[in-house]
Amino acid sequence: MRTLIALLCLLGLPALLLATHNRAGEIIVRGPADCSDVSTNTTVRATIITYTEIIQTEVDRDSLVINWGDSDVGETIRRTDRFPIGNGIQRNEYAASHRYAGAGTYFISFLDQNRVANVENIENGSSVNIPFSVYTIYKLTNQAPLGCNSSPELSQIPIESACIGSVWTHNPGAFDVDGDSLAFEFTVPQRAPREPIANYLLPNEVGGSTSTLTINESTGQITWNAPALPGEYNLAFMVKSFRNGLPFDTLIRDMQIFVQECNNDPPELELPTEEICVVAGELIEFDVIASAPLTDVEQLVILEASGQPFDTTDNPATFLPQDSTYQTDPYTRRFSWRPNCSQVSNQPYFVVFRAEDNFFDISPVGDQQGGLSTVQSVSIRVVPPPPEDLQLVADDDAIILSWEKPYACEEQADPILLGFDVYRRLGSNPFPIDTCITGLDGRGYTQITLDETLEMDGDRYVFVDMDAAPGRTYCYRVVATLSRRIGDSNFTFEDIESLTSDEVCLQLDRDLPLLTKVDVIETDASDGQIDVCWLLPDPEALDTLDNPGPYNYVLSRADGQGAAPGEFTTVATFTTEFFGQEVDTCFTDTDLNTSETAYTYRIELFVGDDDEATGEALPGSSVFLNGTPTDEANDLSWSALVPWTNIEYEVLRRGPGETEFTSVATVLDPSYRDEGLNNGEEYCYIISALGTYSVDNLPDSLVNRSQELCLIPVDNVPPCPPVLMVESPCDREVDCTVAENLFNNLSWTTPALECGDEDFAGYRIYFAAGVDAEPAQIVQLNDEDQLSYDDFPQNGITGCYRISAFDANGNESELSEPVCVTNCPIYELPNAFTPNGDGQNELFVPTSRCFVERVEFKIFNRWGQLVYETEDPALNWSGNNSGGDALASGTYYYMATVFEQRLDGIVPSAEPLSGYIELIRGE
């Protein structure tokens, strides 16, 4: 109703209805300046931004009406700024503040007459009388749980030029001052609030879909590849903000693109990367180079940058030299930014770089200024630094962990330091730190602090681990957690994890022996051998005065990996009367099936007459290698359950005709694909694992080998599926009454074209009578060069086709995506026939009939009486009634329901068939 009233009011302004005006615009909203208490401060500030024609002075708006979304009455707000941007266009700002009754979601909008004329994709070019409207859905938050909120903002001007046949790019340079994540998608421009334009096409759909138009949902990068028709086009998209996975705001931008008939390629941008993760306090510096293509030797270029890093108050980014005029290419500017702890965030900052040439200034193409542009963005995520200088001290049955104070990001007001989380794991995981990965998810560590800790001891942060057992290697890392403050309150939201600290490891006093080797030295199904070695207990930890001998070292074994304690059996015992007496610490276990089985060992110490070992043994298994042969490659994977940490693996191979194993790769993960092999030849492998306890005074180079595994590569990889196209008789528009025309023409691409796969020998074609029917093979084509086939289905042309490719070894690809064919039923009837015995036109039959299963056909005389009916689609009516009596000449009326053969079955036609028949006997 409000829209109707607004339009009726505008109808009273006939002088404006033919004026052109609006080209682009959006509404941005800034939340309360002090949002710590929504009950006392609910005032927001909105800015309507429009881009209008300067020449249209009679419709230049010094004010606009904004609807704040909390009543039916709009408010007139004055223009607060305007300036020209070139090409006869000016940018206008209309800003005002508004106080809401309370928290909520508000639909903020405005409407203005008129859009510019001749926008190709709006109302078939009749855009001049279409109003211009945009909106922003804004969430005024209950700040305590959610934090302050402002809408997204856009840093790039929404007016761009393009040339036919050249790729066009645009990035709005969106950012959110609250650090919310953003998502982008196309939408339909509005003619009034909540009223999309009815006859709108995406720019690439004008004149038929001849190009692609995409928007990156994460970065907002828009790519049109490539404009095909000249003219002015409008494009609208949504910018949606999310906080902790919850949707917050939606901003609509309506922008305009000028497509010219011109021969020009956009400039080239050279960036070192598209994604950067930087630790707060570190400097980011890189060069950006703009140049015209080699074919455009006379063009100059402008290079500009925009984005939130340039708007930070205490440490803004720079882009030097500070010259945004046209320059001889290649033109280089240097981006620099040293973000601090105030800028750490879970969401990246986007910097948009834009290069523009001066093509239109030096070429006689229309009256445009400037030229084509290329836009690229770089995302910069600022992460908190790790806690530093971790130290461990053993104290009886506890481990004391401490780290440096002050932490690098604990002094700033926002985000504040909540505290530290301590993580622990058995054994080391010395992974390299990736500045794009914060926290410790998926690294095998367990958080052992219930809440963030800020406990201190003197001038260091400290944590005491009371849950540690002797003999085990404990490794620790610490992660700092920061959180954004809500205004000046003590409430926070959006926890931000730091990079993890370096790892430190420690072992409590060890009063038990410790395995160091489980090494397969012979691979055999019955005569396999494994070397097992261990370290003796620490005599101080054992306290041999309190634990006098004898000392029995018991080595036991279990089949497989991960065996339960009750599954071990003793394989050897070594006894000494005195602890310092020499004793074996290695044993070769024989008569094993190392070809097919891994083995797990444990070494235990029994003192005196004790029936229980001095501590819980730490078992360790042999490395067991598995493998799968495939086409010209072998896929290897292996596993080991050991008390130390295997930090890398060397892959050893003995190839055909070789007598020794040689190294082919060193990898960090327990898997490897050995490629470039010869099918049918044998390759044998051993994995050599390098491990460490990561503890001082313990060996740090533990080498253990797997069993030997031999594999023969074989071609068991099918080709990729072809892409199928089907052309039906309906597509060919042929006469369907001619049987020779009733075939479907199938054509397809090769696996070589689809995925570069040259290994294929032919094709199999499958057909299913319906969408849900199971496809069955109808033909096999043993010719890799045959790329088409004509199929004459037995029961009509409807159905779904799929195709596969196979190679010389019989490996068949997956089936292609189904391509379904439906009918184009035809049922045409004459309006007269002459059953007079002369042998011509004796029966009333269809003049054309295709793909019709049956009919419900009824004929009535002029008094409405039913005289004849049939279900035979051929009809064959002789002019007699249902009793066989001849009917008199005259006009008869028929009604029919035609049942058509369609892809989804036999269905009645959309509209019943009816008409008149002249029965002429010639009496």
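**Observations concerning the sheet that holds strand β55 (residues 776-781)**
Across the sheet, four strands lie side by side as β55-β54-β57-β58; this open sheet has antiparallel pairing. Edge positions in the sheet fall to β55 and β58 (819-821), since each has one partner strand and no second. If you compare each strand with its neighbour and ignore which way they point, the axes differ by 25° on average. Pairing of strand β54 (residues 762-768) with strand β57 (residues 799-806), which is carried by seven bridges, proceeds in the antiparallel orientation. Bridge pairing links phenylalanine 767 to tyrosine 801 in β57.

**As for the state of the cysteines**
Applying the stated criterion across every chain, the model contains 10 disulfides. The partner cysteine of cysteine 277 in its disulfide is cysteine 436, sulfur to sulfur 2.0 Å. Every disulfide takes its handedness from the sign of the S-S torsion; for cysteine 277 and cysteine 436 that torsion is 105°, giving right-handed. Of the two residues, cysteine 277 sits in strand β20 (residues 275-279) while cysteine 436 sits in the loop between β30 (416-426) and β31 (446-447), which places them 159 residues apart along the sequence.

**Concerning the pairing of strand β4 (residues 75-86)**
In this sheet, β4 lies alongside strand β3 (residues 63-67) in antiparallel orientation, the contact comprising four bridges. When the sheet's bridge partners are listed, leucine 64 is paired in β4 with isoleucine 77. Examined bridge by bridge, β4 and strand β5 (residues 89-99) share six bridges and lie antiparallel to one another. In the sheet register, glycine 86 faces β5, and the bridge partner there is isoleucine 89. Following β4, the chain reverses through two residues before pairing antiparallel with β5; asparagine 87 in that reversal takes a positive phi of roughly 60°.

**As for the environment of threonine 313**
Position of threonine 313 relative to the elements: it lies in the loop between β22 (300-307) and β23 (318-320). On a C-alpha basis, the gap between threonine 313 and valine 288 in space is 24 Å, while along the polypeptide they are 25 residues apart.

**Examining the nonpolar core**
If you look at the biggest cluster of nonpolar residues, it comprises 48 residues, and the most contacted ones within it are Phe335, Phe353, Ile380, Leu401 and Trp403. Of all the elements, strand β34 (residues 473-485) adds the most residues to this core, at five residues. Once residues lying within four places of it in the same chain are set aside, the contact partners of tryptophan 403 are Pro387, Glu388, Asp389, Leu390, Phe420, Val422, Thr453, Arg460, Tyr461, Val462, Phe463 and Val478. In terms of nonpolar packing, the next biggest core, distinct from the first, is built from 32 residues, Ala24, Val116, Leu182 and Val239 among them.

**Brief notes about the pattern of salt bridges**
Counted by the stated rule, this structure contains 33 salt bridges. Ionic pairing is found between aspartate 60 and arginine 82, a salt bridge with its closest N-O pair at 3.0 Å. With aspartate 60 in the loop between β2 (43-53) and β3 and arginine 82 in strand β4, this pair connects stretches of sequence that are 22 residues apart. Judged by relative accessible area, which is 27%, aspartate 60 ranks as partly exposed. Of the charged contacts, one joins arginine 460 and aspartate 389 as a salt bridge, the two residues approaching to 3.0 Å between their closest N and O atoms. Remark: aspartate 389 occurs in the loop between β27 (373-383) and β28 (391-395) and arginine 460 occurs in strand β33 (residues 460-465); sequence separation between them is 71 residues. On the basis of relative accessibility, which here comes to 16%, the residue arginine 460 falls in the buried class. Shared partners join several salt bridges into a network, and the residues in it are Glu160, Glu304, Arg354 and Glu356.

**Details of a negative patch on the surface**
Judged by side-chain charge, Asp395, Asp396, Asp397, Asp509 and Glu540 come together as a negatively charged surface patch. Locating aspartate 396 in the fold gives a position in the loop between β28 and β29 (398-404). Using a relative accessible area of 67% as the deciding quantity, one classes aspartate 396 as exposed.

**Some thoughts on the packing of aromatic side chains**
Throughout the structure, instances matching the rule amount to 33 aromatic pairs. Considering the side-chain rings of tyrosine 551 and phenylalanine 579, the 5.5 Å spacing of their centres and the 80° angle between planes classify their relative orientation as edge-to-face. Of this pair, tyrosine 551 sits in strand β39 (residues 551-559) while phenylalanine 579 sits in the loop between β40 (569-576) and β41 (586-592), placing them 28 residues apart in sequence. With a relative accessible area of 15%, phenylalanine 579 lands in the buried category.

**Some remarks on the sheet that holds strand β38 (residues 528-535)**
Taken in spatial order, the three strands make up an open sheet running β37-β38-β41, and their pairing is antiparallel. Looking at which strands have only one partner, the edges of the open sheet turn out to be β37 (514-522) and β41. Direction aside, the axes of adjacent strands within the sheet are offset by 20° on average. Bridge count between β37 and β38: seven bridges; the pairing is antiparallel. What sits directly across from lysine 517, in β38, is cysteine 533.

**So, unusual backbone geometry**
Residue asparagine 114 follows glutamine 113 across a cis peptide bond; omega there is -10°. Mapped onto the elements, asparagine 114 comes out in the loop between β6 (104-112) and β7 (132-140). For the peptide bond that leads from leucine 320 to proline 321, omega is 0°, which places it in the cis range. Positionally, proline 321 belongs in the loop between β23 and β24 (327-328). For arginine 194, which is not glycine, the phi torsion reads 65° and is therefore positive. Among the structural elements, arginine 194 can be located in the loop between β13 (190-192) and β14 (195-196). The phi dihedral of glutamate 632 is positive, around 55°, even though this residue is not glycine.

**A few points about the confidence of the model for the protein**
As a general rule, the predicted coordinates of low-pLDDT regions are not to be interpreted in detail. Per-residue confidence for the protein gives a mean pLDDT of 90, with 96% of residues at or over 70. Counting contacts from residues 1-18, a segment whose pLDDT is below 50, to residues more than four positions away or on other chains yields 20 contacts.

**Some words on the environment of proline 189**
The residue proline 189 is located in the loop between β12 (181-187) and β13 in this model. Each C-alpha atom of the pair proline 189 and isoleucine 252 lies 8.5 Å from the other, and the pair is 63 residues apart in sequence. Sequence-distant contacts of proline 189, that is, excluding residues within four places in its chain, are made with Arg115, Pro196, Ile197, Tyr200, Ala236 and Asp254.

Cut-offs applied
Residues numbered from 1 in each chain as written. Predicted model: local features only at pLDDT ≥ 70, side-chain atom pairs only at ≥ 80, totals over all residues. Heavy atoms only, no water. Pairing = 2+ DSSP bridges. Helix = DSSP H or I, 4+ residues; strand = E, 2+ residues; numbered from the N terminus. Axes fitted to C-alpha atoms, helices over the stretch in contact; angles between N-to-C directions. Disulfide = S-S within 2.5 Å. Core = buried A, V, L, I, M, F, W, Y, C linked by side-chain atoms within 4.5 Å. Buried < 20%, exposed > 50% of the residue type's maximum accessible area, 1.4 Å probe, protein only. Contact = heavy atoms within 4.5 Å. Salt bridge = Lys/Arg side-chain N within 4 Å of Asp/Glu carboxyl O. Patch = residues over 30% accessible without salt bridge, like charges linked within 9 Å, V, L, I, M, F, W, Y side chains within 5 Å. Areas by Shrake-Rupley, 256 points an atom, 1.4 Å probe, with all protein chains shown as cover. Lys, Arg positive; Asp, Glu negative; His and termini not counted. Charge placed at Lys NZ, Arg CZ, Asp CG, Glu CD. Phe/Tyr/Trp six-rings, centres within 6.5 Å; stacked < 30°, edge-to-face > 60°. pLDDT = per-residue confidence, 0-100.

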